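Residue-level structure breakdown
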Amino acid sequence: MSRVRRGPLAGQGLGEVGIVGTAAAIANAVHHATAVRVRALPITLDKLLP
């Protein structure tokens, strides 16, 4: 078995940084477009309609 070499900053988890804020950004865009704050994912049409 070969050993996985990891950098000093644990670079293998670097891809998570870009997706952490995506759900919050989409939820904020939905809020600005509809004036309905959705606090639970997934955002569905049922949660947006009164």
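Now for a look at the structure at hand. (Residues numbered from 1 in each chain as written. Predicted model: local features only at pLDDT ≥ 70, side-chain atom pairs only at ≥ 80, totals over all residues. Heavy atoms only, no water.)

1. Description of the environment of Ala-27
- Within the secondary structure, Ala-27 is located in helix H1 (residues 22-34).
- The buried category is assigned to Ala-27, whose relative accessible area is 13%.
- Ala-27 sits 14 residues away from Leu-41 along the chain, and the two C-alpha atoms are 8.8 Å apart.
- Sequence-distant contacts of Ala-27, that is, excluding residues within four places in its chain, are made with Val-38 and Ile-43. (Helix = DSSP H or I, 4+ residues; strand = E, 2+ residues; numbered from the N terminus. Buried < 20%, exposed > 50% of the residue type's maximum accessible area, 1.4 Å probe, protein only. Contact = heavy atoms within 4.5 Å.)

2. Things to note about H1
- With 13 residues, H1 ought to run about 18 Å at 1.5 Å a step, and its terminal C-alpha atoms sit 18 Å apart, in line with that.
- Directly after H1, the chain includes Ala-35, whose backbone phi takes a positive value near 65°. (Expected span 1.5 Å × (residues − 1).)

3. Details of unusual backbone geometry
- With omega at 0°, the peptide bond leading from Leu-41 into Pro-42 counts as cis.
- Within the fold, Pro-42 resides in the loop between H1 and helix H2 (45-48).

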